[in-house]
Amino acid sequence: MKNNQFNFLNKIKNLFLEIFFPEACVICSEPGKTICKKCLLDIKNQKSEENYKSIEWIHSCLSYKNPKLKTALFFLKYHYTKSISKYLAKACYQDFYDFIINKNIDIKNLIIIPIPISKKRLIERNYNQSELLIKEIIQEIKENLNLDLENTLYIDLLLKSRNTIKFANTHSHTERENLIKDAFNVNSKYDKDFLENKIIIILDDITTTGSTFYEARNTLLKNDVKKENIYGFAIAH
């Protein structure tokens, strides 16, 4: 009975919100969804042009030059619109799946790690946007491509041990390298035996210079993960 009452009240609350606070696209203000169908299609169709062709181990999916994608990521990171992760996952889950298949990655040995954020940033935002994105991507792959990757996700394997200023406030490659240097460490509950022979994909929302990926990889290398077993995947570049 209590559950029925709770569900009924929840429906009333949602109906109230829909009537008085209807959702609208954060990009074009079209009423209906957080990101409308047209804007999502425009985001999905503009792929990353450069795509780190010279860096074989890093793959990027969508183009950060797309102003609609920039707006979506801005709302996800700084306006606390968590639902955007679901829409962006729809735009890139196929790319993530293809990346795994094309690299002939053995799922049994796969570990997926979202780039962590500091405790300070986590308190400010109350979530890690990279973690939200990879969880939604995994869900989309499970539902649409019949591959279950849930057991490959380790959100606490890599930790960010110190806070850094937002990369949006930095400019040069060298500046970003210096900011992120020694910022990560491997959670002590995962020993080197656990990491041995594992294939690791590090996921981040945005990459520009690749500094974050390189520093995360260096941290894993110090824990005896083989260089050839580490990949980076960015939603946008």
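Here is a short report on the structure shown in this document. (Residues numbered from 1 in each chain as written. Predicted model: local features only at pLDDT ≥ 70, side-chain atom pairs only at ≥ 80, totals over all residues. Heavy atoms only, no water.)

**Some words on the sheet that holds strand β5 (residues 199-206)**
Taken in spatial order, the four strands line up as β1-β6-β5-β2 in an open sheet, and their pairing is parallel. Bordering the open sheet on either side are β1 (58-62) and β2 (110-114), each of which pairs with just one other strand. Across the sheet, the axes of successive neighbouring strands diverge by a mean angle of 20°, strand direction being ignored. With six bridges joining them, β5 and strand β6 (residues 230-236) adopt parallel strand pairing. Bridging across to β6, I206 finds its partner in A236. (Pairing = 2+ DSSP bridges. Helix = DSSP H or I, 4+ residues; strand = E, 2+ residues; numbered from the N terminus. Axes fitted to C-alpha atoms, helices over the stretch in contact; angles between N-to-C directions.)

**Brief notes about the environment of L195**
Looking at the secondary structure, you find L195 in helix α8 (residues 192-195). It is 10.0 Å that separates the C-alpha atoms of L195 and L157, two residues lying 38 residues apart in sequence. Setting aside its immediate chain neighbours within four residues, L195 contacts I111, L157, V186, I200, N223 and V225. (Contact = heavy atoms within 4.5 Å.)

**Some words on the pattern of salt bridges**
Across all of its chains, the model carries twelve salt bridges by this definition. K47 is paired through a salt bridge with D95; the nearest N and O atoms lie 2.9 Å apart. Of this pair, K47 sits in the loop between α2 (37-45) and β1 while D95 sits in helix α4 (residues 84-102); the two residues are 48 residues apart in sequence, bridging distant segments of the chain. A relative accessible area of 34% places K47 in the partly exposed class. We note a salt bridge from E124 to R121, for which the minimum N-O separation is 3.2 Å. (Salt bridge = Lys/Arg side-chain N within 4 Å of Asp/Glu carboxyl O. Buried < 20%, exposed > 50% of the residue type's maximum accessible area, 1.4 Å probe, protein only.)

**So, the packing of α2 against α4**
As a packed pair, α2 and α4 sit with axes 9 Å apart at the nearest point and diverge in direction by 45°. In this view, α2 runs oblique relative to α4, as classed from their interaxial angle. Remark: the crossing between α2 and α4 carries right-handed chirality. Residues L40, I43 and K44 of α2 touch α4, and the partners they reach there are Y87, L88, K90 and A91. Residues belonging to the contact of α2 with α4 are distributed by class as follows: five nonpolar, no polar and two charged. (Parallel < 35°, antiparallel > 145°, perpendicular 65-115°, else oblique. Left-handed = near helix turned anticlockwise from the far one by under 90°. Nonpolar A, V, L, I, M, F, W, Y, C, P; charged D, E, K, R; others polar.)

**As for the pairing of β1**
Of all the five residues making up β1, five are buried; the element is thus mostly covered by neighbouring parts of the structure. Sheet analysis places β1 next to β6, joined by four bridges and oriented parallel. In the sheet register, I58 faces β6, and the bridge partner there is G232.

**Concerning the nonpolar core**
By size, the foremost hydrophobic cluster in this structure holds 66 residues, and its most contacted members are F96, I137, L149, I201 and L220. The element that contributes the greatest number of residues to this core is α4, accounting for ten residues. The contacts of L149, once residues within four sequence positions are left out, are F96, I100, I107, L110, I112, I138 and I141. (Core = buried A, V, L, I, M, F, W, Y, C linked by side-chain atoms within 4.5 Å.)

**Digging into α4**
Across its 19 residues, α4 extends 27 Å between first and last C-alpha, which sits within 8% of the 27 Å expected from 1.5 Å per residue. Of all the bends found along α4, the most pronounced is centred on C92 and spans about 50°. By the burial criterion, the buried members of α4 are I84, S85, Y87, L88, A89, A91, C92, Y93, D95, F96, F99 and I100. In the stretch just after α4, N104 is the one whose phi turns positive, near 55°. (Expected span 1.5 Å × (residues − 1). Bend = angle between axes of the 7 residues up to and from the residue.)

**Here we look at the layout of surface pockets**
Reported here for the second largest pocket is a volume of approximately 230 Å³. Taken together, P116, I117, S118, K119, L122, N128, E131, I155, L158, L159 and K160 form the lining of the second largest pocket. If you list the elements that add at least two residues to the lining of the second largest pocket, you get α5 (119-125) and β3 (158-160). No other element matches the three residues that β3 contributes to the lining of the second largest pocket. For the lining of the second largest pocket, the class distribution of residues is six nonpolar, two polar and three charged. (1 Å grid on protein atoms, 1.4 Å probe; cavity = no way out; pocket = protein on both sides within 12 Å on 5 of 7 lines; lining within 4 Å. Points joined across faces, edges and corners; volume = space filled by probe spheres on them.)

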